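Each chain, written out:
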Amino acid sequence: MAYTIKDIAKEAGVSTATVSKVINNKMYVAPGTRSKVLQVMKRLNYTPNVSAANLARKSSKMILYADHFYKGLPYENPHMFDIICGVSHELSRKGFHLSLLNLDSSGKQTSAILEDAIRSRIADGIIINGTMVSPQVEKTILRQDFPQICIGAPDFDSILSWIDTNHTLSSSLAVDHLISCGCRRIAFMGGRKEDKIFMDRLKGFRIAMEKHGLEIPETYITYNEPNIESIVHSATELLQQSEAPDSIICTNSLMTVGTMQAIKEAGLSIPNEISLIAFDDHPYTPMLSPAPTVIDIDLFNLGVHAGNLLLKKVKDPAMLIQTYTALPRLVQRATTRPLND
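Bear in mind the structure is a predicted one, so any value in this text is a computation, not a measurement.

1. Side note on the layout of surface pockets
And step 1. Each pocket or cavity is described by its volume, and for the largest pocket that value is around 1,300 Å³.
And step 2. Lining of the largest pocket is provided by 46 residues; of these, Glu76, Asn77, His79, Asp195 and Ile197 occupy positions nearest its centre.
And step 3. Broken down by secondary-structure element, the contributors of at least two residues to the lining of the largest pocket are β1 (62-67), α5 (73-76), α6 (79-93), α10 (196-211), α12 (253-265) and α13 (299-315).
And step 4. Partitioned by chemical class, the residues of the lining of the largest pocket number 20 nonpolar, 15 polar and eleven charged.

See the structure below:
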């Protein structure tokens, strides 16, 4: 007797949808339920119709990259496009294509845009900016059982897959280097409190300073808008303190431009009177003189990893990926003293 999926469902006491998820190795089937279905399949010698299953899972060879896209974004967040280029490079190698999904193009809620895109089956999986992920977005993705990976860990406990850079480690590298150069009064030129990357870097800065037994006056930490005039003003006030810092960490390339301008206007010599270390080598630091020492992160490589891992999830949707990658590296240049000085 040839058994059907309905027979397996009836014998196991579950729905045909649950049996289908087990057969196709989908996510979010309770381990006990999965085991029961597999036991029934084995006992009844049930063999799934592989050709039909493959037809149902016919690949579109398309992956979506979901984020907000708007005029001026390349200047505000140039690193996004390094990541996108890395993703596209890896997908192309595997015969897939990348398409952008604008999460604010229609005035709909993010979760509604995602649900429409997933239901349309125009793509085999989705890569999404982790800052766009809310509990409602997570629920939408899980309900559709759609292969995904977030760029950046969501800021809540989540069972979605994600890949991220260890910003805490990045700050530790910056602090360790400055201390090895003889600096002790280290300030941090930061961004907005809503900027998750900056806040993660700030957290790492505090941890590293505490590890070395160094205090951080609250006036040594500044919060700034991405505006060159306000950055210069903030850095000038920092340098005018009665006990000014002997070194400054800048949270991004634009912050470095404004801070170095303030240092020059104050008549201070870099690195003899004050040292500086920056996060990120692009887009502005190659144009600066003296050339800034930087903590550089290969975000193209992060995109390559994201594309590769998502394709693995397309093949095995039950796979859970939550990992840090794209390790930071220190590039010693002219704004910090050589270690042998």
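2. A short note on the packing of helix α2 (residues 16-23) against helix α3 (residues 31-43)
And step 1. With their axes 10 Å apart at the nearest point, α2 and α3 run at an angle of 85° to one another. Comparing their axes, α3 and α2 come out roughly perpendicular. For the pair α2 and α3, contact is made by Thr18, Val19, Lys21, Val22 and Ile23 and by Thr33, Arg34, Val37, Leu38 and Met41, respectively.

3. Points about the environment of arginine 34
And step 1. Of note, arginine 34 is situated in helix α3.
And step 2. The exposure class assigned to arginine 34 is buried, which follows from its relative accessible area of 18%.
And step 3. Remark: the alpha-carbon pair of arginine 34 and threonine 251, spanning 217 residues in sequence, is separated by 47 Å.

4. Quick look at the nonpolar core
And step 1. Core analysis: the biggest nonpolar cluster contains 37 residues, and Val175, Ile186, Met189, Phe205, Ile248 and Ile249 have the highest contact counts within it.
And step 2. When residues of this core are traced back to their parent elements, those giving at least two are α9 (167-180), β6 (186-190), α10, α11 (228-239), β8 (247-250), α12 and β9 (275-279).
And step 3. If you look at the next biggest cluster of nonpolar residues, it comprises 23 residues, including Phe96, Leu302, Ile321 and Ala326.

5. Some thoughts on the packing of aromatic side chains
In this description, a pair of aromatic rings is defined by centroid distance and the angle of the planes.
And step 1. Within this structure, the stated rule accounts for four aromatic pairs.
And step 2. Between tryptophan 162 and tyrosine 324, the aromatic rings sit 5.3 Å apart at their centres with planes inclined by 65°, giving edge-to-face as the arrangement. Within this pair, whereas tryptophan 162 is found in strand β5 (residues 162-164), its partner tyrosine 324 is found in strand β11 (residues 322-324), the two being separated by 162 residues in sequence.
And step 3. Here tryptophan 162 falls in the buried class, since its relative accessible area comes to 12%.
And step 4. Residue classification places tyrosine 324 among the partly exposed residues on the basis of a relative accessible area of 47%.
And step 5. Ring centres of phenylalanine 188 and phenylalanine 198 lie 5.8 Å apart, and the angle between their planes is 40°; this geometry places the pair in the tilted category. Placement of the pair is phenylalanine 188 in strand β6 and phenylalanine 198 in helix α10, with a sequence separation of ten residues.
And step 6. Given the relative accessible area of 1%, phenylalanine 198 is considered buried.

6. With respect to the environment of alanine 235
And step 1. Here alanine 235 is to be found in helix α11.
And step 2. Note on alanine 235: relative accessible area 1%, which makes it buried.
And step 3. Taking the C-alpha atoms as reference points, alanine 235 and isoleucine 277, 42 residues apart in sequence, are found 14 Å from one another.
And step 4. Sequence-distant contacts of alanine 235, defined by excluding residues within four places in its chain, comprise Met189, Thr259 and Ala262.

7. Focus: α12
And step 1. Counted at 1.5 Å a residue, the expected span for α12 with its 13 residues is 18 Å, and the 19 Å between its end C-alpha atoms agrees.
And step 2. Those residues of α12 not exposed but buried are Ser253, Met255, Thr256, Gly258, Thr259, Met260, Ala262 and Ile263.
And step 3. The secondary structure elements touched by the buried residues of α12 are β6, α11, β8 and β9.
And step 4. The N-capping residue of α12, defined by a side-chain oxygen 3.3 Å from the backbone nitrogen of leucine 254, is asparagine 252.
And step 5. Directly beyond the C-terminal end of α12, a positive phi value near 75° is found at glycine 267.

8. Concerning the state of the cysteines
And step 1. Throughout the structure, instances matching the rule amount to zero disulfides.
And step 2. Unpaired in this structure, cysteine 183 has its nearest cysteine sulfur neighbour in cysteine 181, at a distance of 6.0 Å.

9. Topic: the sheet that holds strand β4 (residues 148-151)
Backbone-to-backbone hydrogen bonds pair the strands of a sheet. The strands run either parallel or antiparallel.
And step 1. Strand order across the open sheet formed by six strands is β2-β1-β3-β4-β5-β11, with parallel pairing between neighbours. Two strands lie at the open edges of the sheet, namely β2 (97-102) and β11, each paired on one side alone. Between one strand and the next, the sheet's axes are offset by a mean angle of 20°, whatever the strand orientation.
And step 2. Here β4 runs beside β5; their pairing, made up of two bridges, is parallel.

Rules used throughout
- Residues numbered from 1 in each chain as written.
- Predicted model: local features only at pLDDT ≥ 70, side-chain atom pairs only at ≥ 80, totals over all residues.
- Heavy atoms only, no water.
- 1 Å grid on protein atoms, 1.4 Å probe; cavity = no way out; pocket = protein on both sides within 12 Å on 5 of 7 lines; lining within 4 Å.
- Points joined across faces, edges and corners; volume = space filled by probe spheres on them.
- Helix = DSSP H or I, 4+ residues; strand = E, 2+ residues; numbered from the N terminus.
- Nonpolar A, V, L, I, M, F, W, Y, C, P; charged D, E, K, R; others polar.
- Axes fitted to C-alpha atoms, helices over the stretch in contact; angles between N-to-C directions.
- Parallel < 35°, antiparallel > 145°, perpendicular 65-115°, else oblique.
- Contact = heavy atoms within 4.5 Å.
- Buried < 20%, exposed > 50% of the residue type's maximum accessible area, 1.4 Å probe, protein only.
- Core = buried A, V, L, I, M, F, W, Y, C linked by side-chain atoms within 4.5 Å.
- Phe/Tyr/Trp six-rings, centres within 6.5 Å; stacked < 30°, edge-to-face > 60°.
- Expected span 1.5 Å × (residues − 1).
- Polar contact = N/O pair within 3.5 Å; in protein donor to acceptor, adjacent residues only side chain to side chain.
- Disulfide = S-S within 2.5 Å.
- Pairing = 2+ DSSP bridges.

What is shown is where atoms sit, not what they do.
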